[in-house]
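Structural description and commentary
Residues per chain are reported as follows:
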Amino acid sequence: MGDVLYFNGRFTTTAERIVSVEDRGFQFGDGVYEVFKFVGKRPVFLLDHFRRMDRGLREIDIPNPWNEASFSQTMSKLLERTSFADGVVYIQVTRGEGERTHFYPDGMQPTAVAYSRRFVFPDASRKERGIRLITAPDLRWKQCQIKSINLLPNALAKKKAQRAGADEALLVEEGTVREGASASFFVVRAGKIITHPLDEHILPGVVRDRVIGLAISAKIRVDERPLRETELFQLDEAFITSTTMGVMPVTEIDDRVIGNSRRGEVTAELQRLFDDLESQERSA
Ligand code: PDD
(Lines give C-alpha, C1' and ligand atoms only; values in the text may rest on other atoms or scores of the structure.)
Protein backbone atom coordinates (compact mmCIF):
# COMPACT_ATOMS: atom_id res chain seq x y z
CA MET A 1 0.00 0.00 0.00
CA GLY A 2 2.93 2.32 0.69
CA ASP A 3 1.19 4.66 3.10
CA VAL A 4 2.62 5.95 6.34
CA LEU A 5 0.92 6.52 9.66
CA TYR A 6 2.19 8.92 12.28
CA PHE A 7 0.90 8.01 15.75
CA ASN A 8 1.85 9.96 18.87
CA GLY A 9 5.46 10.54 17.92
CA ARG A 10 6.32 7.43 15.93
CA PHE A 11 5.86 6.22 12.34
CA THR A 12 4.15 3.00 11.28
CA THR A 13 1.62 2.12 8.55
CA THR A 14 -2.18 2.01 8.56
CA ALA A 15 -1.88 -1.79 8.63
CA GLU A 16 -1.19 -1.47 12.36
CA ARG A 17 -4.33 -1.40 14.54
CA ILE A 18 -3.44 1.23 17.03
CA VAL A 19 -6.16 3.34 18.66
CA SER A 20 -7.68 2.29 21.97
CA VAL A 21 -11.37 1.38 22.15
CA GLU A 22 -11.56 3.96 24.95
CA ASP A 23 -10.11 6.76 22.88
CA ARG A 24 -12.53 9.67 23.21
CA GLY A 25 -12.44 10.20 19.47
CA PHE A 26 -13.93 6.74 19.00
CA GLN A 27 -16.51 6.98 21.78
CA PHE A 28 -17.46 10.67 21.88
CA GLY A 29 -16.34 12.09 18.55
CA ASP A 30 -14.18 14.23 20.82
CA GLY A 31 -11.61 15.70 18.45
CA VAL A 32 -10.84 17.62 15.28
CA TYR A 33 -9.37 16.71 11.90
CA GLU A 34 -7.69 18.25 8.88
CA VAL A 35 -7.09 17.18 5.31
CA PHE A 36 -4.30 18.71 3.25
CA LYS A 37 -3.23 17.99 -0.29
CA PHE A 38 0.28 17.18 -1.50
CA VAL A 39 1.53 17.14 -5.05
CA GLY A 40 5.00 15.95 -5.99
CA LYS A 41 5.42 15.38 -2.22
CA ARG A 42 4.98 19.11 -1.60
CA PRO A 43 2.19 20.05 0.81
CA VAL A 44 -0.29 22.72 -0.28
CA PHE A 45 -1.33 25.52 2.14
CA LEU A 46 0.03 23.50 5.06
CA LEU A 47 0.09 26.31 7.61
CA ASP A 48 -3.47 27.38 6.81
CA HIS A 49 -4.55 23.88 7.81
CA PHE A 50 -2.39 23.93 10.92
CA ARG A 51 -3.81 27.26 12.04
CA ARG A 52 -7.42 26.17 11.56
CA MET A 53 -6.72 22.99 13.54
CA ASP A 54 -5.05 25.02 16.27
CA ARG A 55 -8.10 27.31 16.58
CA GLY A 56 -10.45 24.30 16.65
CA LEU A 57 -8.43 22.55 19.36
CA ARG A 58 -8.41 25.71 21.45
CA GLU A 59 -12.18 26.03 21.12
CA ILE A 60 -12.76 22.51 22.44
CA ASP A 61 -10.10 22.66 25.14
CA ILE A 62 -7.63 20.11 23.74
CA PRO A 63 -3.91 21.00 23.88
CA ASN A 64 -2.28 21.06 20.45
CA PRO A 65 0.45 18.38 20.37
CA TRP A 66 2.32 20.45 17.75
CA ASN A 67 3.47 23.98 17.14
CA GLU A 68 3.92 25.33 13.58
CA ALA A 69 7.53 24.16 13.35
CA SER A 70 7.05 20.67 14.79
CA PHE A 71 3.92 20.20 12.68
CA SER A 72 5.75 21.10 9.44
CA GLN A 73 8.59 18.83 10.42
CA THR A 74 6.32 15.87 11.20
CA MET A 75 4.44 16.31 7.92
CA SER A 76 7.72 16.55 5.93
CA LYS A 77 8.91 13.30 7.52
CA LEU A 78 5.58 11.65 6.77
CA LEU A 79 5.76 12.69 3.11
CA GLU A 80 9.41 11.65 2.83
CA ARG A 81 8.46 8.16 4.00
CA THR A 82 5.42 7.96 1.70
CA SER A 83 6.04 5.98 -1.49
CA PHE A 84 3.71 7.98 -3.77
CA ALA A 85 3.97 11.61 -4.84
CA ASP A 86 0.37 12.88 -4.90
CA GLY A 87 -2.40 12.49 -2.38
CA VAL A 88 -3.84 13.80 0.84
CA VAL A 89 -2.83 13.64 4.46
CA TYR A 90 -5.57 13.08 7.02
CA ILE A 91 -4.77 14.40 10.49
CA GLN A 92 -6.84 13.78 13.59
CA VAL A 93 -6.29 14.97 17.14
CA THR A 94 -8.57 13.63 19.86
CA ARG A 95 -8.73 14.38 23.55
CA GLY A 96 -7.06 11.02 24.18
CA GLU A 97 -7.62 7.72 25.85
CA GLY A 98 -9.27 7.15 29.23
CA GLU A 99 -12.08 5.37 31.01
CA ARG A 100 -15.36 6.25 29.36
CA THR A 101 -17.01 9.14 31.17
CA HIS A 102 -18.60 12.35 29.98
CA PHE A 103 -16.52 14.28 32.54
CA TYR A 104 -13.15 14.22 30.87
CA PRO A 105 -10.26 14.48 33.32
CA ASP A 106 -7.94 17.49 33.16
CA GLY A 107 -4.51 16.97 31.66
CA MET A 108 -5.36 14.18 29.24
CA GLN A 109 -2.72 13.24 26.69
CA PRO A 110 -4.18 13.91 23.20
CA THR A 111 -4.04 11.23 20.51
CA ALA A 112 -2.39 12.61 17.36
CA VAL A 113 -2.67 10.68 14.14
CA ALA A 114 -1.70 11.58 10.58
CA TYR A 115 -1.50 9.39 7.50
CA SER A 116 -1.02 9.74 3.78
CA ARG A 117 -3.45 8.39 1.21
CA ARG A 118 -3.35 8.35 -2.56
CA PHE A 119 -5.93 10.62 -4.09
CA VAL A 120 -6.85 11.19 -7.71
CA PHE A 121 -7.60 14.89 -8.07
CA PRO A 122 -10.12 15.98 -10.71
CA ASP A 123 -8.62 16.21 -14.21
CA ALA A 124 -9.25 18.97 -16.76
CA SER A 125 -12.36 17.35 -18.23
CA ARG A 126 -13.94 16.81 -14.81
CA LYS A 127 -13.11 20.40 -13.89
CA GLU A 128 -14.88 21.57 -17.00
CA ARG A 129 -17.86 19.24 -16.69
CA GLY A 130 -18.57 20.15 -13.07
CA ILE A 131 -20.79 18.47 -10.52
CA ARG A 132 -24.44 18.17 -9.51
CA LEU A 133 -25.85 19.08 -6.11
CA ILE A 134 -29.00 18.32 -4.22
CA THR A 135 -30.21 20.44 -1.32
CA ALA A 136 -30.53 18.76 2.08
CA PRO A 137 -31.41 20.02 5.57
CA ASP A 138 -28.40 21.14 7.62
CA LEU A 139 -28.59 18.84 10.65
CA ARG A 140 -25.12 19.68 12.01
CA TRP A 141 -24.33 21.12 15.45
CA LYS A 142 -24.09 24.85 16.16
CA GLN A 143 -20.29 25.20 15.97
CA CYS A 144 -19.57 24.38 12.33
CA GLN A 145 -16.45 26.59 12.32
CA ILE A 146 -14.75 23.74 14.22
CA LYS A 147 -13.64 20.90 11.97
CA SER A 148 -15.08 18.35 14.37
CA ILE A 149 -14.73 14.64 13.63
CA ASN A 150 -18.50 14.30 14.21
CA LEU A 151 -19.43 13.96 10.55
CA LEU A 152 -22.63 11.93 10.80
CA PRO A 153 -24.93 14.65 9.41
CA ASN A 154 -22.44 15.35 6.62
CA ALA A 155 -22.11 11.67 5.75
CA LEU A 156 -25.90 11.14 5.72
CA ALA A 157 -26.39 14.18 3.48
CA LYS A 158 -23.66 12.99 1.08
CA LYS A 159 -25.17 9.52 0.89
CA LYS A 160 -28.53 11.10 0.07
CA ALA A 161 -26.83 13.04 -2.73
CA GLN A 162 -25.18 9.90 -4.07
CA ARG A 163 -28.49 8.00 -4.05
CA ALA A 164 -30.04 10.85 -6.03
CA GLY A 165 -27.28 10.60 -8.64
CA ALA A 166 -25.60 13.82 -7.43
CA ASP A 167 -22.07 14.51 -6.19
CA GLU A 168 -22.56 16.75 -3.19
CA ALA A 169 -25.27 17.96 -0.81
CA LEU A 170 -25.90 21.66 -0.33
CA LEU A 171 -26.88 22.18 3.31
CA VAL A 172 -29.83 24.49 3.89
CA GLU A 173 -31.10 25.68 7.26
CA GLU A 174 -34.54 27.29 7.46
CA GLY A 175 -34.31 28.68 3.95
CA THR A 176 -30.68 29.82 4.27
CA VAL A 177 -27.97 28.17 2.20
CA ARG A 178 -24.92 27.34 4.37
CA GLU A 179 -22.33 25.25 2.51
CA GLY A 180 -21.68 21.84 0.99
CA ALA A 181 -21.45 18.71 3.17
CA SER A 182 -17.70 18.71 2.52
CA ALA A 183 -17.07 21.91 0.54
CA SER A 184 -17.61 25.66 0.61
CA PHE A 185 -20.28 27.03 -1.74
CA PHE A 186 -20.26 30.11 -3.98
CA VAL A 187 -22.64 31.59 -6.51
CA VAL A 188 -22.08 34.19 -9.20
CA ARG A 189 -24.73 36.78 -9.98
CA ALA A 190 -24.30 39.75 -12.30
CA GLY A 191 -20.51 39.26 -12.25
CA LYS A 192 -20.34 39.29 -8.44
CA ILE A 193 -19.54 36.29 -6.26
CA ILE A 194 -21.62 35.58 -3.18
CA THR A 195 -20.70 33.19 -0.36
CA HIS A 196 -21.74 32.69 3.26
CA PRO A 197 -19.85 34.92 5.74
CA LEU A 198 -17.45 33.36 8.25
CA ASP A 199 -19.41 32.48 11.36
CA GLU A 200 -20.47 29.42 13.34
CA HIS A 201 -22.64 28.13 10.47
CA ILE A 202 -19.77 27.21 8.12
CA LEU A 203 -16.26 25.85 8.13
CA PRO A 204 -13.66 28.53 7.23
CA GLY A 205 -12.45 26.71 4.11
CA VAL A 206 -8.78 27.09 3.25
CA VAL A 207 -9.60 27.18 -0.45
CA ARG A 208 -12.57 29.52 0.16
CA ASP A 209 -10.24 32.04 1.74
CA ARG A 210 -7.69 31.84 -1.09
CA VAL A 211 -10.39 32.11 -3.75
CA ILE A 212 -11.85 35.23 -2.12
CA GLY A 213 -8.35 36.75 -2.07
CA LEU A 214 -7.86 35.91 -5.75
CA ALA A 215 -11.26 37.34 -6.67
CA ILE A 216 -10.51 40.62 -4.89
CA SER A 217 -7.12 40.90 -6.63
CA ALA A 218 -8.82 40.21 -9.97
CA LYS A 219 -11.35 42.99 -9.23
CA ILE A 220 -14.25 40.57 -9.03
CA ARG A 221 -16.70 41.85 -6.43
CA VAL A 222 -17.23 39.58 -3.41
CA ASP A 223 -20.31 39.67 -1.25
CA GLU A 224 -20.02 37.58 1.93
CA ARG A 225 -23.60 37.17 3.00
CA PRO A 226 -26.03 34.31 3.64
CA LEU A 227 -27.91 33.33 0.49
CA ARG A 228 -31.63 32.53 0.63
CA GLU A 229 -32.62 29.21 -0.90
CA THR A 230 -35.01 31.07 -3.23
CA GLU A 231 -31.99 32.89 -4.71
CA LEU A 232 -30.77 29.57 -6.10
CA PHE A 233 -33.32 30.20 -8.88
CA GLN A 234 -31.67 33.48 -9.84
CA LEU A 235 -28.02 32.77 -10.31
CA ASP A 236 -25.69 32.81 -13.29
CA GLU A 237 -23.04 30.40 -12.03
CA ALA A 238 -22.27 28.29 -8.98
CA PHE A 239 -19.20 26.48 -7.76
CA ILE A 240 -17.84 24.71 -4.71
CA THR A 241 -14.33 24.83 -3.29
CA SER A 242 -12.38 22.32 -1.22
CA THR A 243 -8.92 20.89 -0.72
CA THR A 244 -9.67 17.84 -2.85
CA MET A 245 -11.85 19.51 -5.53
CA GLY A 246 -10.17 22.93 -5.83
CA VAL A 247 -12.65 25.19 -7.63
CA MET A 248 -15.36 22.96 -9.09
CA PRO A 249 -18.28 24.23 -11.20
CA VAL A 250 -21.82 23.27 -10.23
CA THR A 251 -24.05 22.61 -13.21
CA GLU A 252 -27.22 21.41 -11.50
CA ILE A 253 -28.95 21.92 -8.17
CA ASP A 254 -31.97 19.67 -7.46
CA ASP A 255 -32.42 19.00 -11.20
CA ARG A 256 -32.39 22.71 -12.02
CA VAL A 257 -29.78 23.49 -14.61
CA ILE A 258 -27.33 26.32 -13.82
CA GLY A 259 -25.96 28.46 -16.67
CA ASN A 260 -26.89 26.09 -19.55
CA SER A 261 -25.20 23.24 -17.70
CA ARG A 262 -21.77 24.63 -18.62
CA ARG A 263 -18.90 25.99 -16.54
CA GLY A 264 -19.39 29.75 -16.23
CA GLU A 265 -16.81 32.39 -17.15
CA VAL A 266 -16.18 33.69 -13.64
CA THR A 267 -15.86 30.14 -12.34
CA ALA A 268 -13.38 29.25 -15.10
CA GLU A 269 -11.32 32.37 -14.34
CA LEU A 270 -11.18 31.62 -10.60
CA GLN A 271 -10.38 27.98 -11.32
CA ARG A 272 -7.43 29.08 -13.46
CA LEU A 273 -6.21 31.61 -10.89
CA PHE A 274 -6.51 29.07 -8.09
CA ASP A 275 -4.68 26.31 -9.99
CA ASP A 276 -1.86 28.79 -10.70
CA LEU A 277 -1.67 29.80 -7.04
CA GLU A 278 -1.56 26.18 -5.99
CA SER A 279 1.34 25.41 -8.34
CA GLN A 280 3.23 28.49 -7.13
CA GLU A 281 2.74 27.36 -3.55
CA ARG A 282 4.12 23.92 -4.39
CA SER A 283 7.23 25.27 -6.02
CA ALA A 284 7.82 27.85 -3.24
N1 PDD B 1 -13.70 18.94 3.70
N2 PDD B 1 -16.91 22.83 4.41
C3 PDD B 1 -16.92 21.60 4.95
C4 PDD B 1 -18.09 21.20 5.79
C5 PDD B 1 -15.82 20.73 4.74
O6 PDD B 1 -15.82 19.50 5.29
C7 PDD B 1 -14.74 21.15 3.92
C8 PDD B 1 -13.55 20.30 3.65
C9 PDD B 1 -14.80 22.45 3.36
C10 PDD B 1 -13.68 22.99 2.50
O11 PDD B 1 -12.56 23.29 3.29
P12 PDD B 1 -11.09 23.32 2.66
O13 PDD B 1 -11.12 24.31 1.54
O14 PDD B 1 -10.25 23.79 3.80
O15 PDD B 1 -10.77 21.92 2.21
C16 PDD B 1 -15.88 23.26 3.64
C17 PDD B 1 -12.56 18.07 3.67
C18 PDD B 1 -11.78 18.14 2.41
C19 PDD B 1 -12.99 16.65 4.05
O20 PDD B 1 -13.84 16.56 4.94
O21 PDD B 1 -12.48 15.69 3.51
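Residues numbered from 1 in each chain as written. Predicted model: local features only at pLDDT ≥ 70, side-chain atom pairs only at ≥ 80, totals over all residues. Heavy atoms only, no water.

Take the domain arrangement of the protein chain next. Taken as a whole, the protein chain is organised into domain 1 (4-118) and domain 2 (124-283). At the junction of the two partners, domain 1 supplies 28 residues and domain 2 supplies 21 residues. Taking both sides of the interface into account, the surface hidden between domain 1 and domain 2 amounts to around 2,000 Å²; carbon and sulfur atoms contribute 62%. Where domain 1 meets domain 2, there are two salt bridges. In this structure, E278 engages K37 in a salt bridge whose closest nitrogen and oxygen atoms are separated by 2.9 Å. Between the two partners, domain 1 and domain 2, sit eight residue pairs in polar contact (both at pLDDT 80 or more). (Domains from an automatic or database assignment. Contact = heavy atoms within 4.5 Å. Buried area = accessible area lost by both parts, 1.4 Å probe. Salt bridge = Lys/Arg side-chain N within 4 Å of Asp/Glu carboxyl O. Polar contact = N/O pair within 3.5 Å; in protein donor to acceptor, adjacent residues only side chain to side chain.)

Let's shift gears to the nonpolar core. Among the nonpolar cores identified, the biggest contains 23 residues, and M53, W66, F71, M75, V89 and I91 are the most heavily contacted of them. Put simply, the parts of the chain that give this core at least two residues each are β3 (31-39), α2 (46-59), α3 (68-81), β5 (87-94) and β6 (111-118). Counting residues in each nonpolar core, the second largest holds 19 residues, with V44, F186, V266 and L270 among its members. (Core = buried A, V, L, I, M, F, W, Y, C linked by side-chain atoms within 4.5 Å. Buried < 20%, exposed > 50% of the residue type's maximum accessible area, 1.4 Å probe, protein only. Helix = DSSP H or I, 4+ residues; strand = E, 2+ residues; numbered from the N terminus.)

Let's shift gears to the site of the ligand. With respect to spatial proximity, 18 residues lie near the ligand, and among them Y33, R52, E179, V206 and T243 are the closest. In the complex, 89% of the free accessible area of the ligand, which totals 480 Å², lies under the protein chains. Its atoms largely coinciding with the cavity grid, the ligand occupies the largest pocket. Broken down by secondary-structure element, the contributors of at least two residues to the shell around the ligand are β3, β9 (176-180), α6 (206-217) and β14 (237-242). Its residues placed into classes, the shell around the ligand shows seven nonpolar, seven polar and four charged. (Near = heavy atom within 4 Å. Areas by Shrake-Rupley, 256 points an atom, 1.4 Å probe, with all protein chains shown as cover. 1 Å grid on protein atoms, 1.4 Å probe; cavity = no way out; pocket = protein on both sides within 12 Å on 5 of 7 lines; lining within 4 Å. Sits in = over half its atoms within 2 Å of the grid points. Nonpolar A, V, L, I, M, F, W, Y, C, P; charged D, E, K, R; others polar.)

Bringing the pattern of salt bridges into the picture now. Pairing between side chains of opposite charge can happen when their charged atoms approach one another. Counted under the stated rule, the structure contains 22 salt bridges. D54 serves as the salt-bridge partner of R58, at 2.6 Å between the closest nitrogen and oxygen. Residue R58 and its partner D54 are both found in helix α2; the two are separated by four residues, about one turn of the helix. The exposure class of R58 is exposed, given its relative accessible area of 62%.

Inspection of the secondary structure puts E231 in the loop between β13 (227-228) and β14. The class of E231 is buried, set by a relative accessible area of 11%. Within the structure, E231 has its side chain in polar contact with the side chain of R225 (distance 2.8 Å). Setting aside chain neighbours within four positions, we find E231 in contact with R189, R225 and P226.

Another point: the layout of surface pockets. Gaps left between atoms are located by rolling a probe of water-molecule size over the structure's atoms. In this model, the largest pocket occupies a volume close to 880 Å³. The wall of the largest pocket is formed by 39 residues, among which Y33, K147, A181, S182 and A183 lie closest to the centre. Elements that contribute at least two residues to the lining of the largest pocket include exactly β3, α2, α5 (152-163), β9, α6 and β14. Ranked by residues supplied to the lining of the largest pocket, first place goes to α5 with four residues. Within the lining of the largest pocket, the residues separate by chemical class into 18 nonpolar, 12 polar and nine charged. Estimated volume of the second largest pocket: approximately 260 Å³. Forming the walls of the second largest pocket are 13 residues, and the residues nearest its centre are V19, Y90, Q92, V113 and Y115. Secondary-structure elements contributing two or more residues to the lining of the second largest pocket are α1 (24-28), β5 and β6. Each residue belonging to the lining of the second largest pocket can be placed in one class, and the counts come to seven nonpolar, four polar and two charged. (Points joined across faces, edges and corners; volume = space filled by probe spheres on them.)

Glancing now at the packing of α6 against helix α7 (residues 265-283). Interaxial distance between α6 and α7 falls to 10 Å at its minimum, and their mutual angle equals 110°. Comparing their axes, α7 and α6 come out roughly perpendicular. As for how α6 packs across α7, the hand of that crossing is right-handed. Residues V207, R210, V211, L214 and A215 of α6 pack against L270, L273, F274 and L277 of α7. Residues that form the contact of α6 with α7 fall into these classes: eight nonpolar, no polar and one charged. (Axes fitted to C-alpha atoms, helices over the stretch in contact; angles between N-to-C directions. Parallel < 35°, antiparallel > 145°, perpendicular 65-115°, else oblique. Left-handed = near helix turned anticlockwise from the far one by under 90°.)

Counting buried residues along strand β10 (residues 184-189), five of its six residues qualify, which places the element largely inside the surrounding structure. The pairing of β10 with β14 spans five bridges and is classified as antiparallel. Each bridged residue has a counterpart across the sheet, and for S184 the counterpart in β14 is T241. Relative to strand β11 (residues 192-195), β10 runs antiparallel, the two being bridged by four bridges. Across the sheet, the residue bridging to R189 is K192, located in β11. Hairpin connection of β10 to β11: two residues between the antiparallel strands, including A190 at a positive phi of 50°. (Pairing = 2+ DSSP bridges.)

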